[in-house]
Amino acid sequence: MQEIPDLSENSIEQILTILEKENEISCQLPGKGVLHIEKELPYLVIYRRKENDKGTRRFVTNESSYLVVGTEDFEGYQKLLYKISDQISAETESFLLFEIYAGDPNSSKIRIKGPAQKLPTTLDTLKENFLKVNSEFTGIYLDTEIVDTPHRQPEGEAPLMKVEDAKSCGAVVVGLEIPPIYRNGDNELYPVFFRNFKDFLIEAIHRSFFEFIRVQTSGGVASFNALGRKYLKQIVFDIDKQLADIERSYQFLWLVSPANIHDIKKKFFESDYQKVIDYHYRLLPIDPDVLKRKLYNLKIEDIDDPAMSYLFREKREELDMQISMLNERGTTNFMYDSIRLYKGVENSLCEEARKILSAVEEETEIDEEDLLDSKAFSSMARKEFDYFREQDENFKCRVHIRKDVNVMMVSHGELYIPADYKMKRIEAEALIQHEVGTHVLTYYNGSNQPLNQLSIGLADYDPLQEGLAVMSEFMVDGLTANRLRILAGRVIAGEALMEGGNFQEIFRLLKLDYGFSPERAFNITSRIMQGGGFLKDIIYLKGLVLLKEYLKNGGEYEPLLAGKYGIKHTDIIKELTDRKVLKPVQVKPSYLHSKKMHEKLNLIRKGLSLPQMVCK
């Protein structure tokens, strides 16, 4: 950050020159002041530095355009504000100086001080949003009023700019007085309430700023979400990296899957589906206690960006549960944590699964000569890699054929194929799009984002990720009857697990009641029972249902491929994209925007049912 030692005329001219040339500036000013403008917006959020005012400054310092007025040379700051207003208002027609300060400790009223007649839409929007505070937070009883007054500064302080001066430089001054309910009488914050109140306050302010820009200026902003910072603070990248390092220190799916799956299967079939030998797991490469200590040493509470704070806190909780589960493999506690991690099995999802199994019959097996082995499939995968490389020469991915893997999977962008894996030729293209066109692709697109979390996966990203993967099978005419039945069978197995079913009982349920072949019934059961009871497999059908509903309601498909995140994150991802924090999709799958996909999307938006998605 550049340091400006004084606010002389020369220094102010230096600031204005940088602004005019770069449209952005970040500098330290006298008396521990700070000016930060990263995109030329028609407003500046202002805070006056003062003692014993814990928390208030943090309402301001995560803005993309803010000024912290230092404790020295107030007149210099007044001159700086006048000059900045004059310069930017010449381009945008108007410029808003928005000062935030704490009111009296005993106050119960939010006061919006400004020209009510001149800015009715801006101030009314602010009041309307602040009036929601009591329903947003239990035990809070605040009123909000608009005070039409020329005195918009804190009590006993000099104005930032006189009303007459503001008119001459194209500025308008608004003061926001907030009751300091976020701290106690000893000037200490209530940390959890402060975080939530700050996020609420910032969103309300941004909504009013958007109205100001829309009505009063010539500035073009797509939505209030675009008003957040483009350049995230270094603490965001530091914590993002540390979260990623923690997650990369272990491979969760690898460590909860049995290393002796082939022996388990052999013994089970030889015993006429009676004997299940113990699952053996790989040694942990990490100490769960040490990893949890690292996890909770991260100072996520110091992040003021509402979107990033929310995403990181969510991710920390997910990693906490995963690490607990690694320590509890083979116990009933593993299953209970699995239920928490994957949100259990909803009755509505079970009903969808039963409808599929009732309407879709299992297909007869085909001859061995019609099957592809792991080597043939890996060759197909490399061709898809070549397609990605044509779009981005930096694309790299490796295929691993392994004897100790019981299911095809992607881990950290690498494709793992079981050595004995065989599949129908017509299913191979579907699997390519599932594993490569979705999992590998979103990992790569996410790795090109400035945040590691978009390649590793935000919290609860799995349902959308698997929903996209299965949807891609449908888009290339590869979603077969048996494939859809397997997804439904996994939900039925998950329900049975939660009701206390053991391996043999769940296997018999699938084989006898729902008509699965012994091979498929075993695969579904062995996966749901790994670790001590693992509900991850329910997310395939769950994600497909969520994605189908999202698309039916007009949701866009392509942005979902920008990285690994959940349906619930779409608004945040859009906000971060609007703010230019995130990049749009870089590498796209071969089926995207094809005529076939367009036709299938239309069918989904017209209400195509799950059984009707089977490709003949």
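Note: the structure precedes this text.
One numbering rule holds for all chains: residues counted from 1, following each sequence as written. The predicted nature of this model means local features are confined to residues of pLDDT at least 70 and side-chain atom pairs, given and counted, to a pLDDT of 80 or more, with totals for whole chains, interfaces and linings taken over all residues. Neither water nor hydrogens contribute to the side-chain values; these are computed over all heavy atoms in the structure.

A. Representation of the sheet that holds strand β13 (residues 414-418) within the structure. At least two DSSP bridges between two strands are required for those strands to pair. By the criteria applied, helices consist of DSSP H or I runs no shorter than four residues and strands consist of E runs no shorter than two, each listed in order from the N terminus. Strand order in the open sheet formed by three strands is β11-β13-β12, with mixed pairing between adjacent strands. Strands at the two margins of the open sheet, each flanked by one partner only, are β11 (399-402) and β12 (409-411). Within this sheet the neighbouring strands show an average axis-to-axis angle of 30°, counted without direction. Pairing of β11 with β13 involves four bridges; the strand directions are parallel. Looking at β13, one finds that I401 is bridged to I417. The axes used here are C-alpha line fits, helices contributing only the stretch in contact, and every angle between their N-to-C directions lies in the interval 0 to 180 degrees.

B. Quick look at unusual backbone geometry. A positive phi is found at N52, a non-glycine position, where the angle reads about 50°. Its location among the elements puts N52 in the loop between β4 (43-48) and β5 (65-69). Given a relative accessible area of 63%, N52 falls into the exposed group. Positive phi, normally seen in glycine, also occurs at N187, with a value near 65°. Along the chain, N187 turns up in the loop between β9 (171-178) and α6 (191-216). To sort residues, take the accessible area from a 1.4 Å probe on protein chains only and compare it with the maximum for the residue type: under 20% means buried, over 50% means exposed, and anything in between is partly exposed.

C. The arrangement of the packing of aromatic side chains in detail. Only Phe, Tyr and Trp rings take part, Trp by its six-membered ring, and two of them pair if their centres are within 6.5 Å. Stacked means planes under 30 degrees apart, edge-to-face means over 60, and tilted covers everything else. The full count for this structure, using the stated rule, is 30 aromatic pairs. Judged by centre distance (5.1 Å) and plane angle (85°), the ring pair of F98 and F209 falls under edge-to-face. A residue pair is termed long-range when its members are at least 10 positions apart, and F98 in strand β6 (residues 95-102) and F209 in helix α6 qualify at 111 residues. The same class applies to F98 as to F209, namely buried. Each member of the aromatic cluster is reached from another via a ring pair, and the members are F59, F137, Y182, F193, F194, F197 and F200.

D. Up close: the pattern of salt bridges. In what follows, salt bridge is the name for a side-chain nitrogen of Lys or Arg lying within 4 Å of a carboxyl oxygen of Asp or Glu. Tallied over the entire structure, the rule returns 40 salt bridges. In this structure, R48 engages E99 in a salt bridge whose closest nitrogen and oxygen atoms are separated by 2.5 Å. In this pair, R48 is assigned in strand β4 and E99 in strand β6, connecting sequence segments 51 residues apart. Like E99, R48 is buried. Between K292 and D320 there is a salt bridge; the shortest N-O distance is 2.7 Å. Here K292 is found in helix α10 (residues 288-297), whereas its partner D320 is found in helix α11 (residues 306-327), with 28 residues between them in sequence. The exposure class of K292 is partly exposed, given its relative accessible area of 25%.

E. Region of interest: the state of the cysteines. Here, the term disulfide refers to a pair of cysteine sulfur atoms separated by no more than 2.5 Å. Enumeration according to the criterion identifies zero disulfides in this entry. Cysteine C169 is unpaired, with the sulfur of C27 as its nearest cysteine sulfur at 19 Å.

F. Here's a closer look at the side chain of R490. By the secondary structure assignment, R490 is in helix α18 (residues 481-498). When checking whether two residues touch, look at their non-hydrogen atoms; a contact exists if any pair is within 4.5 Å. Discounting chain neighbours no more than four positions away, the residues touching R490 are R483, I524, R527, I528, D537, I538 and Y540.

G. Representation of the packing of α18 against helix α21 (residues 539-552) in the model. Remark: α18 packs on α21, axes separated minimally by 7 Å, with the N-to-C direction vectors making an angle of 110°. The pairing of α18 with α21 is recorded here as roughly perpendicular in orientation. Contacts from R483, L484, L487, A488, R490 and V491 in α18 reach Y540, L541 and L544 in α21. Residue polarity is assigned by list, with Asp, Glu, Lys and Arg as charged and Ala, Val, Leu, Ile, Met, Phe, Trp, Tyr, Cys and Pro as nonpolar; anything else, Gly included, falls into the polar class. Considered class by class, the residues forming the contact of α18 with α21 number seven nonpolar, no polar and two charged. These descriptions rest on fixed angle ranges, namely under 35 degrees for roughly parallel, over 145 for roughly antiparallel, 65 to 115 for roughly perpendicular, and the rest for oblique.

H. The side chain of H206, seen in detail. Among the structural elements, H206 can be located in helix α6. Once you skip the residues sitting within four places of it in the chain, H206 turns out to touch E63, F224, L227 and G228.

Read these as layout, nothing more, since geometry by itself doesn't imply function.
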